[in-house]
Amino acid sequence: MHSSRRDFLKLTGIALIGAAVPDALLPAGLAPAWAGAPGFRPDVRALKAARWGMVIDLAKCRPDCTDCIAACHAAHNVPAFGNPKDEIAWIRRETFGRIFPAQVHRHLEPRRQAGPVIALCNHCANPPCVRVCPTGATFRRPDGIVMMDYHRCIGCRFCIAACPYGARGMNYRDPRPFIRRIDPGFPTRTRGVVEKCNFCVERLAVGKPPACVAACPYGALTFGDLEAPDSAVRRAIAGRTVLRRKPELGTEPQVYYTL
Amino acid sequence: MLEKALHGNHRYWGWLAFLAVVVGAGAFFYLRQLDYGLGITGMSRDVTWGLYIAQFTFLVGIAASAVMVVLPYYLHDYKAFGRITILGEFLAVAAVVMCVTFIVIDLGRPERAFNVLLHPAPRSILFWDMVVLTGYLVLNLVIGWTVLENERNGKAPPAWVKPLILLSIPWAISIHTVTAFIYAGLPGRDFWLTAIMAPRFLASAFASGPALLVLLCLVLRRWGGFDAGREPLQALARIIAYALAASLFFVLMELFTAFYSGIPGHTEPFRYLYAGLDGHTRLVPWMWTSAVLAVLALVLLIVPALRRNEAWLALACLAVFASLWIEKGLGLVVTGFIPSPLGQITEYTPTGPEVAITLGVWALGFVILTALYRIALGVRKETEA
Ligand code: SF4
Ligand code: SF4
């Protein structure tokens, strides 16, 4: 049987069982499968926002730590191909100079320029990836999360060309053999589709913060509603010098970096 | 009329057999690609479009260039093109079929290609490209076929084709404009982010397409038993000269804007193409070959004595075709990804299977072209006899 079909049957099978058990007992990863469907009742614990956003405190992020990446990639079955040609990453650790090239100058201390900056999809408020997608496989939810439907994506990679942040990855080959331990709570992808960070919609739907935010031991990541004046993210940027990646492109990134 | 494609001498069948072998080899490697994924190609995390999409872009130009014979013939009643209009239209048909094939083989999940129709997204330029390409294919097929069929029966084409012919003229411009918009509307890809992209595409198309048509006419005269005559080839040569000059001019405009403004995002891709960037020089010899060929061709086409000599003309057309193929079918697409959004330089080299698949699609196009030309020339022979 074709593997994506097998997965589908597996999912529907669990969904049928799910219909008979209380929501609270459902595996976290399944919640989005019903979102928006007729008769769908959201989990009472689901976190809601007018616009989700993230603040990354560069002063707290440590150069020797990759806990957020490990947590994210384990939770979402992100393959580790082990070579740069095929590489897919939902979060990556880069240097300050690469993420903020406009801030680099000759007299910037090398330590600063090489300092760690983690990068993920910015869930742009004006996302070019959504604009160019010919099938609607990439779309934006009312709460601002830019999401993907891996069963609709045709793998044209127009979205990768359109994203100015390198936030998207293509499955150039079957990713499953390269997933260290498959987490049944989240679907794996097939070869030929694009994928990227989803701000952990599957965790938000059951009242949990994103996996990276929960995993960071130094509290460098803050997540919340950018439209709510007293939210954690708004407090995290209040009075601080804030950077966003390539704001001049008009994509309106919703991931903020504080120095 | 289709039966005409089934009659031919041993040279005709030998040529088709050769093409069939190339198509077969491409199909074999495509099956491998379906099995393994697009990782079988040289495309990577940073360079996500390669030879396939570049061929598509180049061939949209070849398809659009049919307008360069249709327009003078139908709008200006330029009789000399009467004998080759059908060749231009059928070239467009073969080119569009190749374009669509290249798009489909470039998809990660080709079996879902119809999602573009099932979930139409009018915000996406790719959606519009599909619309205009399909429309253009149908237009040229219907026009070419109808005109030919009536010619065979010794009748004037029916009145309803005339509006279709007129429609096909702006439509040809539209296919290459929309294709340019695929590139020219992306934030953060500075190499492509230029308003001159569509004019540049059209100029290079109106040089490379007619150049191919001249070469095809010369081949047909030599081996196909069809003489297009001197006059149409000379007229095409003048068109190529103007278009090539415009194309070179546009490239110089790009270079001025990039280097006088000095904005790194705009200079870096051009430096990568013509000088190499941080020691990455893979495309440099290609781009200089392209530049030298273009200038050489322009000289050959401008000097009247050389242009009128058909041996020199053939050489000039070869040079134009090769030069613009390098520029568009190699440099333009890949360089949009260099440097990457994170400032990294990943070079691209197509793999063996990728090249085999690409050649297979070209061969498929030539099978279609050969059969269509066979039909058209068979009808000509019949009516002239
Ligand atoms: S960062 Fe890239 S992938 Fe994410 S929303 Fe913005 S454009 Fe789309
Ligand atoms: S690769 Fe998939 S998500 Fe990206 S533009 Fe194409 S169909 Fe949309």
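Residues numbered from 1 in each chain as written. Chains lettered and ligands numbered in written order. Predicted model: local features only at pLDDT ≥ 70, side-chain atom pairs only at ≥ 80, totals over all residues. Heavy atoms only, no water.

J.: How should the overall build of chain A be read in this particular structure?
T.: The helix and strand tally for chain A stands at 10 helices and 10 strands. Split into buried and exposed, the 259 residues of chain A put 52% on the buried side. Accessible surface for chain A amounts to roughly 11,800 Å². Of this, 57% is attributable to carbon and sulfur atoms. (Helix = DSSP H or I, 4+ residues; strand = E, 2+ residues; numbered from the N terminus. Buried < 20%, exposed > 50% of the residue type's maximum accessible area, 1.4 Å probe, protein only. Areas by Shrake-Rupley, 256 points an atom, 1.4 Å probe, with all protein chains shown as cover.)

J.: Quick question: what am I supposed to make of the overall build of chain B here?
T.: Helices and strands together make up the secondary structure of chain B, namely 14 helices and 0 strands. Sequence-ordered secondary structure for chain B, helices as α and strands as β, is α-α-α-α-α-α-α-α-α-α-α-α-α-α. Expected size for 385 residues packed as a compact globule is a radius of gyration near 21 Å; at 21 Å, chain B falls within 12% of this value. Overall size of chain B, expressed as C-alpha extent along the three principal axes, is 65 × 50 × 40 Å. Considering chain B as a whole, with its 385 residues, one finds that 56% of them fall into the buried category. By sequence separation, contacts in chain B at least 24 residues apart represent 78% of the contacts at least 6 residues apart. (Rg over C-alpha atoms; globule rule 2.2 N^0.38 Å. Contact = heavy atoms within 4.5 Å.)

J.: Help me understand the site of ligand 1 in this model?
T.: Residues and elements named next belong to chain A. Around ligand 1 sit 13 residues in total, of which Cys121, Asn122, Cys124, Cys129 and Cys163 are the nearest. Spatially, ligand 1 is embedded in the second largest cavity. Looking at the shell around ligand 1 residue by residue, the class counts come to 9 nonpolar, 2 polar and 2 charged. (Near = heavy atom within 4 Å. 1 Å grid on protein atoms, 1.4 Å probe; cavity = no way out; pocket = protein on both sides within 12 Å on 5 of 7 lines; lining within 4 Å. Sits in = over half its atoms within 2 Å of the grid points. Nonpolar A, V, L, I, M, F, W, Y, C, P; charged D, E, K, R; others polar.)

J.: Help me understand the pattern of salt bridges in this model?
T.: Oppositely charged side chains can pair when the atoms bearing their charge come close. Per the counting criterion, the structure on display carries 22 salt bridges over all chains. Residue Asp227 of chain B is joined to Arg221 of chain B by a salt bridge in which the shortest nitrogen-to-oxygen separation is 3.0 Å. You can call Asp227 of chain B partly exposed: its relative accessible area is 40%. Because the salt bridges share partners, they merge into one network encompassing Glu87 and Arg92 of chain A together with Arg45 and Asp46 of chain B. (Salt bridge = Lys/Arg side-chain N within 4 Å of Asp/Glu carboxyl O.)

J.: When you look at empty space enclosed by the protein in this model, what are you seeing that I'm missing?
T.: Empty space among the atoms can be located by rolling a probe the size of a water molecule over them. For the coordinates displayed, the defined rule picks out 10 cavities of 30 Å³ or more. Lining of the largest cavity is provided by Arg92, Ile160, Cys163, Gly166, Ala167 and Arg168 of chain A together with Arg45, Asp46, Arg189, Ser340, Pro341 and Leu342 of chain B. When grouped by side-chain class, the residues that make up the lining of the largest cavity number 5 nonpolar, 2 polar and 5 charged. Volume-wise, the second largest cavity comes out at about 90 Å³. Forming the walls of the second largest cavity are 13 residues, and the residues nearest its centre are Cys121, Cys124, Cys129, Cys163 and Tyr165 of chain A. Across the lining of the second largest cavity, the residue classes break down as 9 nonpolar, 2 polar and 2 charged. (Points joined across faces, edges and corners; volume = space filled by probe spheres on them.)

J.: I keep staring at the interface of chain A and chain B and nothing clicks. Help me out?
T.: One widely used convention gives an interface's size as the accessible area the parts lose upon coming together. In this complex, chain A contributes 43 residues to the contact, which on the side of chain B involves 39 residues. Contact with chain B buries surface across chain A, with Ile154, Phe158 and Tyr172 of chain A losing the most and accounting together for 20% of the total. Elements with a minimum of two residues in the side of chain A that touches chain B: β2 (91-95), α4 (96-99), α6 (128-132) and α7 (158-162) of chain A. Looking at the side of chain A that touches chain B residue by residue, the classes come out as 22 nonpolar, 8 polar and 13 charged. (Buried area = accessible area lost by both parts, 1.4 Å probe.)

J.: What is the right way to look at the site of ligand 2 in this model?
T.: Close to ligand 2 lie 13 residues; Cys133, Thr138, Cys153, Cys156 and Cys159 of chain A are nearest. Along the lines of polarity and charge, the residues of the shell around ligand 2 split into 9 nonpolar, 3 polar and 1 charged.

J.: Can you walk me through helix α6 (residues 125-152) of chain B in this structure?
T.: The periodicity of an α-helix, 3.6 residues per turn, causes residues three or four places apart in sequence to face the same way. Residues and elements named next belong to chain B. With 28 residues, α6 should reach 40 Å at 1.5 Å per residue; the first-to-last C-alpha distance of 40 Å fits that figure. Capping of α6 at its N-terminal end is provided by Ser124; its side-chain oxygen lies 3.3 Å from the backbone amide nitrogen of Leu126. Looking one or two residues past α6, Gly154 carries a phi angle of roughly 70°, positive in sign. (Expected span 1.5 Å × (residues − 1). Polar contact = N/O pair within 3.5 Å; in protein donor to acceptor, adjacent residues only side chain to side chain.)

J.: Just to check I follow, could you spell out the packing of helix α4 (residues 85-106) of chain B against helix α14 (residues 352-384) of chain B for this structure?
T.: When two helices pack together, you describe them by how their axes are tilted relative to each other and by the distance separating the axes. Residue and element names in this part refer to chain B. Two numbers describe how α4 lies on α14: the axes approach to 9 Å, and their chain directions differ by 155°. Judged by the angle between their axes, α4 and α14 are roughly antiparallel. Handedness of the α4/α14 crossing: right-handed. Taken together, the residues of the contact of α4 with α14 break down into 20 nonpolar, 4 polar and 1 charged. (Axes fitted to C-alpha atoms, helices over the stretch in contact; angles between N-to-C directions. Parallel < 35°, antiparallel > 145°, perpendicular 65-115°, else oblique. Left-handed = near helix turned anticlockwise from the far one by under 90°.)

J.: Explain the packing of α6 of chain B against helix α7 (residues 161-184) of chain B to me, please; I cannot follow it from the model alone.
T.: Residues and elements named next belong to chain B. Where α6 contacts α7, the axes come no closer than 9 Å and their chain directions differ by 150°. Between α6 and α7, the angle falls in the class roughly antiparallel. Seen along the crossing, α6 lies across α7 with a hand that is left-handed. Its residues placed into classes, the contact of α6 with α7 shows 20 nonpolar, 5 polar and 1 charged.

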